[in-house]
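Letter by letter, the chains look like this.
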Amino acid sequence: MLFFDLHRLYGDATGDRQVDAADFLAFRLAYLGVNLATYDYDGDGVVNSNDFLQFRTRFLTVFV
Ligand SMILES: [Ca+2]
């Protein structure tokens, strides 16, 4: 039997099931215009304070 464990946690760019400092570094790069798709929470084409609010809400969250 195949089992696929998929998860989606906004902010977890590294895919380790937690939103931590490494993800914050990636968010900062997105804020500067690098890799926008990962952190553009509202899909408006920019990473700005609205997206940061969503990131901050999940910061230090662990997906179990
Ligand atoms: Ca956005």
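This write-up is about the structure you can find in this document. (Residues numbered from 1 in each chain as written. Predicted model: local features only at pLDDT ≥ 70, side-chain atom pairs only at ≥ 80, totals over all residues. Heavy atoms only, no water.)

### Topic: the coordination of the calcium ion
Heads up, the rule is: Counted as coordinating are nitrogen, oxygen and sulfur atoms within 2.8 Å of the metal, or 3.2 Å for Na, K and Ca, while water is not included, which may make sites look incomplete. Angular criteria define each label, namely tetrahedral for four donors with all angles between 85 and 135 degrees, square planar for four and octahedral for six donors with opposite donors over 155 degrees apart and remaining angles between 65 and 115, and irregular for whatever fails these tests. Only protein chains enter the accessibility calculation, which uses a 1.4 Å probe; a residue is then buried when its area is under 20% of its type maximum, exposed when over 50%, and partly exposed in between.
All of the protein donors around the calcium ion are Asp40 (OD), Asp42 (OD), Asp44 (OD), Val46 (O), Asp51 (OD) and Asp51 (OD); their distances to the metal are 2.2 to 2.7 Å. What the 6 donor atoms of the calcium ion show is an angle range of 50 to 161° at the metal, which sorts the shape as irregular. When the donors of the calcium ion are listed by position in the chain, the intervening gaps give D-x1-D-x1-D-x1-V-x4-D. According to the relative accessible area criterion, aspartate 51 is buried, its value standing at 0%.

### Topic: the nonpolar core
Nonpolar side chains in soluble globular proteins generally cluster together in the buried interior. What counts, and what does not: The set of buried Ala, Val, Leu, Ile, Met, Phe, Trp, Tyr and Cys residues whose side-chain atoms join them within 4.5 Å is what this entry labels a nonpolar core. Whether two residues are in contact is decided by their heavy atoms, any of which lying within 4.5 Å being enough.
The biggest cluster of nonpolar side chains holds 8 residues, and these are Leu9, Tyr10, Val19, Phe27, Ala30, Tyr39, Val47 and Phe55. Contacts of tyrosine 10, omitting those with residues within four sequence positions, involve Val19, Phe27, Thr38, Tyr39, Tyr41, Asp51, Gln54, Phe55 and Arg58.

### Focus on helix 1 (residues 21-31)
Quick reminder of the rule: In this text, helices come from DSSP runs of H or I with a minimum length of four residues, and strands from runs of E with a minimum of two, each type numbered from the N-terminal end. The directions from the helix axis to the C-beta atoms form the arc being described.
Those residues of helix 1 lying buried are Asp23, Phe27 and Ala30. Around the axis of helix 1, the buried residues are gathered within 55° of arc, so they sit on the same side. Considering only its buried residues, helix 1 is in contact with helix 2 (36-39) and helix 3 (49-58). Where helix 1 ends, the next residue or the one after it, glycine 33, has phi of about 110°, a positive value.

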